[in-house]
Amino acid sequence: MGSEQAAVTAVRRRRGGWWPAAIALVSAAGVVLASLARVGWGLDRTDEGQYLILLADPTMSRATVFLFGYVLHPVFALVGGDVLALRVVGMLVGLLTAGALGWAVTRVLGLRGADAWAVRGVAAAAGLLPVVSFPLTPSYNTLAFWGTCLWASGLVLVTWPGPGRADDGAREAESAPGARRHLGDSARGAALGPALVGLGGVVAASGKVTTGAALAALTLIVAVVLAVASRRTVLPVVGWVAGGAAVGLVALMALLGHGPRWIVDFYREGARNVALLQGHEDLVRWDPFPWTGFLAAPALAVVVAALVSWVLLRRGVPTRRRALAIAALTVLAVLVEVVAFATGLAPTRAVPMVGACWWIPLLTIPAHATTRRSRDADGPHPPTTTPGTTETAGAHASRRPAPYRAVEAVTLLALALAPLAYVVGTNGNYAIAQARACLFWFVVVVLLTGRHGGSARDDGGRRLARQVVTAATAGLVLVAALSGLGHAYRYPAVVSAWSDPAATEIAVVSPEGARLRVTRADAATSRLLADVAREHHLTGVPILDVTGASPGYVRQLGGRPVGSSWLLGAYPGSLDAALDAVHGDDPTLVDRAWVLDAPASPRRIEGLLPALGRSVDRDYETVVTFRHTLGYEVRLLRPVTGS
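Source: prediction; values computed, not measured.

**Section: the overall build of the protein chain**
Step number 1: Each helix and strand in the protein chain was counted, giving 30 helices and 7 strands.
Step number 2: Looking at the protein chain as a whole, 56% of its 643 residues qualify as buried.
Step number 3: When contacts within the protein chain are restricted to residue pairs at least 6 apart in sequence, those whose partners lie at least 24 apart make up 79%.
Step number 4: Accessible surface, the protein chain as shown: approximately 25,700 Å² in total, 64% of it carbon and sulfur.

**Some thoughts on the environment of Val237**
Step number 1: Along the chain, Val237 turns up in helix 12 (residues 235–256).
Step number 2: In the structure, Val237 is positioned 14 residues away from Ala223 in sequence and 8.7 Å away in space, judged by C-alpha atoms.
Step number 3: What Val237 contacts, discounting residues up to four positions off in sequence, is Val158, Pro194 and Leu226.

**So, the sheet that holds strand 6 (residues 620–627)**
Step number 1: Read from one edge of the open sheet, 5 strands run 4-3-5-7-6, paired in mixed fashion. Looking at which strands have only one partner, the edges of the open sheet turn out to be strand 4 (560–561) and strand 6.
Step number 2: Sheet topology places strand 3 (residues 542–545) next to strand 4; 2 bridges connect them, and they run parallel. Paired with Pro542 across the bridge in strand 4 is Arg560.
Step number 3: Relative to strand 6, helix 25 (residues 520–536) is tilted by about 155°, and along the sheet it contacts strand 5 (594–597), strand 6 and strand 7 (633–639).

**Re the packing of helix 7 (residues 140–159) against helix 10 (residues 192–207)**
Step number 1: At a closest axis distance of 7 Å, the pairing of helix 7 and helix 10 adopts a crossing angle of 165°. For the element pair helix 7 / helix 10, the angle class is roughly antiparallel. Crossing handedness for the pair helix 7 and helix 10: left-handed. Across the interface between the two elements, Tyr140, Leu143, Ala144, Gly147, Thr148, Leu150, Trp151, Ser153, Gly154, Leu155, Leu157 and Val158 of helix 7 pack against Leu192, Gly193, Pro194, Leu196, Val197, Gly200, Gly201, Val203, Ala204, Ser206 and Gly207 of helix 10.

**Topic: the packing of aromatic side chains**
Step number 1: Scanning all chains against the criterion turns up 19 aromatic pairs.
Step number 2: Ring-pair connections join several aromatic residues into one group, and the members of that group are Phe289, Trp291, Phe294, Trp358, Trp359 and Trp441.
Step number 3: The side chain of Lys208 reaches across the aromatic face of Tyr422, ending 5.5 Å from its centre.
Step number 4: Cation over ring: Arg436 sits above Phe134, and NZ or CZ is 4.4 Å from the ring centre.

What counts, and where the lines are drawn
Residues numbered from 1 in each chain as written. Predicted model: local features only at pLDDT ≥ 70, side-chain atom pairs only at ≥ 80, totals over all residues. Heavy atoms only, no water. Helix = DSSP H or I, 4+ residues; strand = E, 2+ residues; numbered from the N terminus. Buried < 20%, exposed > 50% of the residue type's maximum accessible area, 1.4 Å probe, protein only. Contact = heavy atoms within 4.5 Å. Areas by Shrake-Rupley, 256 points an atom, 1.4 Å probe, with all protein chains shown as cover. Pairing = 2+ DSSP bridges. Axes fitted to C-alpha atoms, helices over the stretch in contact; angles between N-to-C directions. Parallel < 35°, antiparallel > 145°, perpendicular 65-115°, else oblique. Left-handed = near helix turned anticlockwise from the far one by under 90°. Phe/Tyr/Trp six-rings, centres within 6.5 Å; stacked < 30°, edge-to-face > 60°. Lys NZ or Arg CZ within 6 Å of the ring centre and 35° of its normal.

Here it is as structure tokens:
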């Protein structure tokens, strides 16, 4: 009877601690609100323009290595091409996939109540970071992130805390008598976990094949360690991983309308064009670290508040004084953030502000130290009899096997490398891109605090570290999200619109009639282009973009891009890649294609028209000129009849 009461008390302890959970959930809600604040703002006519072209009609480009258009086209069709709705759906999927990873972690750790909701809420909010200071429309990057979240969820379910563990009795001692078996517990030994590993890998690869390859390598490492360390067959696990991958591949081929050979040819042709471009060869590199965000006042305030709170809690400060101290530290951290962002002390227009999230992996240091102390403290504890067994929890702890530790370690390593796997192949700063995927680092730290030494007595150290880490992560993610309000990808920041609302308008920005709030100048341009498209019946008309940066305007005019969804300028091989793409398209398009040209564009593909045997002065006449959102004049040229 006494042991049952001890078990119930342990469960109640795990359910307590509402105040750190409240801090974490309020911060997570702030991340969502910050994302919603910018969801209807602006439209990038470069990268985001390409995304919309491929989402509207994925067949418009073969000179690419991206299949995400085929995967997400049904969503585009479902919302009728509404860019705002598409962005909201992207946010929801990000919240759900990241939240699913948080759910998997809380299930395998047996967390309940406030602790569980805090971890899930912060994980879900971190799922919105991949689009901070990036285009909001779902793309290959977001699809790769969603797939990595599914892969990580499956990995946690199937490996944590690992097969052959010896502390099952201790874990049962912490469960209330008669409690139902959690779905996570059964999933780890059945199909859901490994199937998610395979399915997530395919989803990630359909976004970026490099991410899929990196996740496959990590999966192989985990499988080898699982087979060697567990001393049992892993064929059922491998079978379910293969089954999940097969389901994903079949679904992908159904969306593509083609088989494996077409996929191979697609990637071969796209890779050849990318090689001609000469700018995406370095798949793994060491880029400058985002010190601006890492050492920013808001980030430091969150970290200091978290560490001081942790020290106060560990010293056993009386409850009322402890609550007041934590509240004061929280208010102080919030004030520092408000003042820093309001005064410009924290440069909100700087993309490296996302670097604040690099503090999250460093939180593994106090978390690991707490875990070690908790395990050491478990040794001298008097043995506690596990209900329904003749063994003691202390005996389980003393026989905690090496295979458990090996699988645990490789799982943590794979999750710690997941941000790098997500960003590999990205043509941007790897350090900043990994910070956007800080969700996986957060999961590592939480799992570290969930290690069990075998005692049914909860010493509170691990739980305390988890609560502090969860609240601190929420604060750091909020810092990154707020910094996104001061930076819009190749577009004026939303905070500029708030400071001068009269300078903005809601305008139609696509042939389907999608409406977004844009600058007044952009609204005027959008109306002009809509009038031109109607007057000249440009729907489906081929448009050759030699500006190197205007696929969004091709899309807005309703035209069909010639050669590729985006002929990228400013790369060493831009001319060769553009010629290769155009020559691989319908050869009759060049003579009848309209042209977007911008002599002052820094990305203009010089020599493209002459190489195609065309001359601006001889073969075209100007229909309209307008100002690009990047600041230079663009002219829309119509081919002269009989030229």
